[in-house]
Amino acid sequence: MIDKRAKTILYILLGVVVMLFFFESSRPRPLNWQKSFTSGDKIPFGAFVLYDQLDEIFNRDDITSVDEVPVDFLLKNDSITNANYIFINDYLSFDSVESDYLMDFVARGNKVFIASNGAYGTLADTLGLETNSSSFYSYSRRDTVRTRLVNKSLKDRSYVYDKGADYKFFEVYDTLNTKVLGEVLAFEPSKGYIADYLEETIDNDEGEKEEKLDINVDDKEEKRLTRETPQVNFVEIKVGDGAFYYNLNPISFTNYYMLKDGKHQYAVEALSYMNDGPVFFDDYGKSGRKVITSPMRFVLSQPALKWAYYIALLGVIIYMIFASKRRQRIIPIVEPLKNSSVEFTKTIGSLYYQTGDYSGIIDKKINYFLERLRSKYFVDTQRLDTTFIKRLAVKSGRSQNFTEDVILYINKLRAKSVHNEYELKQLNKRIEAFLKE
């Protein structure tokens, strides 16, 4: 049993745990600025808002999230046409197998939209695309980018992305088969150009001055780099009856910019080149994709092992339920009380024997014997006469002569007032013989 003091300590500990849980649950969580790009993430750099608005952007309801390897998805949809497949992530690289399936998918009249911080892998090589490295501009605010779409029907609007962006553009592309759709514009963040620009307007870029920027790239050699010329960061490449659209500004499609200062217009205009058919939104190749990293990952990924695990777990739970009902709590071992009657009798007998009181011992012996006869054979021992001897012989199964010898010897001893050791031994011998089974 738990005493009062232990209960008090337990209640105090429980109260502390509850208070800690309350404070932790009520404390505001810090904002997560990790780049996720998944359709279910509502963090700043997730893509929940974009995915939620795709039905309005494309004016149709068949918007599907694809949470499987592109090759598996394309194999299941090898005859679909007039569809759109959208890939948005900070890093995307397609191998030769994926590249072949995507090329076939586009050649049938479908369109693939890819927004990434670079063009990598076999698909980029096939399309003839190479992107720059941001290392030349790592000295400055490389996460501030200004970009625009070059289509005149889109009013030549420009957009500034001041958090999470990279200054990326296509250094190499096939000018014969590639159509330029967007540019990353010139600015010099190290001299405060962006700060001045933001104070004016983001919808009018007339009269802006392009300046040159001098930096020391190497200790031995001074190089002159410039960002005064707009660079291509959004292209269209036609393949068969369809087209690829490569955009190097994936951050513009995240929740943070879809909800900020009208910048959602850039995403809407960039996706306006797509087909009017069904839309498939990739949720597999994402930086923020939820992946099981526990040792059970392989077990849970295999149907047979997964069901074996679930059945074993269910069996353990059932066993625990039934075992807890059947098993009793531990019964403490109680030591039986020691019977000290025999020791007491021996002690008293030794005392009588040592003092030479044979008459007392004989008297106790006779009383003990008669008590045994009463409790075992239910006979009246008030009168030890011939009738008693006959009745006792019948009930005990002893011969009448033997019974008569014992009872007459008892009567003889009772008639005497003084006894000796020999008479005691004879009495004890007769009594033990009679009581022996």
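Quick caveat: nothing in here was measured; it's all calculated off a predicted structure. (Residues numbered from 1 in each chain as written. Predicted model: local features only at pLDDT ≥ 70, side-chain atom pairs only at ≥ 80, totals over all residues. Heavy atoms only, no water.)

A. Spatial organisation of the overall build of the chain. Counting secondary structure elements, the chain contains 15 helices and 14 strands. Counting only residues that meet the buried cut, the chain has 39% of its 437 residues in that class. Restricting to contacts in the chain with at least 6 residues of sequence separation, those with at least 24 account for 70%. Carbon and sulfur atoms provide 55% of the accessible area of the chain, an area that totals close to 27,100 Å². (Helix = DSSP H or I, 4+ residues; strand = E, 2+ residues; numbered from the N terminus. Buried < 20%, exposed > 50% of the residue type's maximum accessible area, 1.4 Å probe, protein only. Contact = heavy atoms within 4.5 Å. Areas by Shrake-Rupley, 256 points an atom, 1.4 Å probe, with all protein chains shown as cover.)

B. Fine view of the sheet that holds strand β9 (residues 178-184). Here we have nine strands laid out as an open sheet, ordered β1-β14-β2-β4-β13-β12-β9-β6-β7, and mixed in their pairing. The two strands at the open ends of the sheet, each matched to only one other strand, are β1 (63-66) and β7 (158-161). Adjacent strand axes in the sheet meet at a mean angle of 20 degrees, parallel and antiparallel pairs treated alike. Where β9 lies against strand β12 (residues 231-239), six bridges are found, and the strand directions are antiparallel. Across the sheet, residue Thr178 finds its bridge partner in β12, namely Ile237. Contacts between helix α2 (residues 48-57) and the sheet are confined to β1, β2 (84-88) and β14 (279-282), with β1 contributing the most and set at about 150 degrees to the helix. The strands touched by helix α4 (residues 96-107) are β2, β4 (111-115), β12 and β13 (242-247); relative to β13, the strand with the most contacts, the crossing angle is about 125 degrees. (Pairing = 2+ DSSP bridges. Axes fitted to C-alpha atoms, helices over the stretch in contact; angles between N-to-C directions.)

C. Expanded view of the environment of Lys163. Relative to the assigned elements, Lys163 resides in the loop between β7 and β8 (170-172). When its relative accessible area of 31% is taken as the criterion, Lys163 is described as partly exposed. Sequence separation of Lys163 and Ile251 is 88 residues, and the distance between their C-alpha atoms is 8.6 Å.

D. Up close: α4. Between its first and last C-alpha atoms α4 spans 16 Å; for 12 residues at 1.5 Å apiece the expected length is 16 Å, and the two agree. Restricting attention to buried positions, one finds in α4 the residues Glu98, Ser99, Leu102, Phe105 and Val106. Angular distribution of buried residues about the axis of α4 spans 125 degrees; they occupy a single face of the element. Capping the start of α4, Asp95 holds a side-chain oxygen 3.2 Å from the backbone nitrogen of Val97, two or three residues further along. In the stretch just after α4, Gly109 is the one whose phi turns positive, near 110 degrees. (Expected span 1.5 Å × (residues − 1). Arc of directions from axis to C-beta. Polar contact = N/O pair within 3.5 Å; in protein donor to acceptor, adjacent residues only side chain to side chain.)

E. Spatial organisation of the packing of helix α12 (residues 358-377) against helix α14 (residues 400-415). Contact pair α12 / α14: the axes reach a minimum separation of 11 Å and the direction vectors enclose 140 degrees. Between α12 and α14, the interaxial angle falls into the category oblique. Considering the relative orientation of α12 and α14, their crossing is left-handed. Taking contact as the criterion, the partners of Ile362, Ile366, Asn367, Phe369 and Leu370 in α12 are, on α14, Val406, Ile407, Ile410, Leu413 and Arg414. (Parallel < 35°, antiparallel > 145°, perpendicular 65-115°, else oblique. Left-handed = near helix turned anticlockwise from the far one by under 90°.)

F. Quick look at the environment of Ile366. Inspection of the secondary structure assignment puts Ile366 in helix α12. The spacing of Ile366 and Asn428 is 62 residues in sequence and 9.2 Å in space, taken between C-alpha atoms. Contact partners of Ile366, with chain neighbours within four places excluded, come to Ile410, Leu413, Arg414 and Leu427.

G. Local environment of the nonpolar core. With 37 residues, the main nonpolar core has Leu54, Ile86, Phe113, Phe253 and Leu271 as its most contacted residues. Leaving out residues up to four positions away in the same chain, Phe113 has contacts with Tyr85, Ile86, Phe87, Phe234, Tyr245, Asn247, Phe253, Ala270, Leu271 and Met274. (Core = buried A, V, L, I, M, F, W, Y, C linked by side-chain atoms within 4.5 Å.)

H. Representation of the pairing of β7 in the model. Neither face of β7 is left uncovered, since the one carrying Ser158 and Val160 and the one carrying Tyr159 and Tyr161 both have all their residues buried. As judged from the four bridges shared by strand β6 (residues 145-149) and β7, these two strands associate in the antiparallel manner. Paired with Arg146 across the strands is Val160, a residue of β7.

I. Geometry of α2. The complete set of buried residues in α2 reads Val49, Leu50 and Leu54. All buried residues of α2 project into a common sector of 145 degrees when viewed along the axis, lining one side. In this structure, the buried residues of α2 make contact with β1, β2, α7 (255-258) and β14.

J. Structural context of the packing of aromatic side chains. The full count for this structure, using the stated rule, is 25 aromatic pairs. Judged by centre distance (5.5 Å) and plane angle (65 degrees), the rings of Trp33 and Phe45 are edge-to-face. Here Trp33 is found in the loop between α1 (4-26) and α2, whereas its partner Phe45 is found in the loop between α1 and α2, with 12 residues between them in sequence. For Trp33, a relative accessible area of 32% puts it in the partly exposed group. (Phe/Tyr/Trp six-rings, centres within 6.5 Å; stacked < 30°, edge-to-face > 60°.)

K. Looking closely at the confidence of the model for the chain. The predicted model of the chain averages 81 in pLDDT, with 80% of residues at 70 or higher. pLDDT under 50 marks residues 136-141. Its contacts with residues more than four places away, or in other chains, come to 13 contacts. (pLDDT = per-residue confidence, 0-100.)

L. View of the environment of Ser99. Here Ser99 is to be found in helix α4. Residue Ser99 is classed as buried on the basis of its relative accessible area of 1%.

M. The arrangement of the side chain of Thr178 in detail. Along the chain, Thr178 falls in strand β9. For Thr178, a relative accessible area of 9% gives the class buried. Other than its neighbours up to four places away in sequence, Thr178 contacts Tyr173, Val235, Glu236 and Ile237.

N. Summary view of a negative patch on the surface. A cluster of acidic residues, Asp52, Asp55, Glu56 and Asp61, forms a negative patch at the surface. Among the structural elements, Asp52 can be located in helix α2. Assessed through its relative accessible area of 42%, Asp52 is described here as partly exposed. (Patch = residues over 30% accessible without salt bridge, like charges linked within 9 Å, V, L, I, M, F, W, Y side chains within 5 Å. Salt bridge = Lys/Arg side-chain N within 4 Å of Asp/Glu carboxyl O. Lys, Arg positive; Asp, Glu negative; His and termini not counted. Charge placed at Lys NZ, Arg CZ, Asp CG, Glu CD.)

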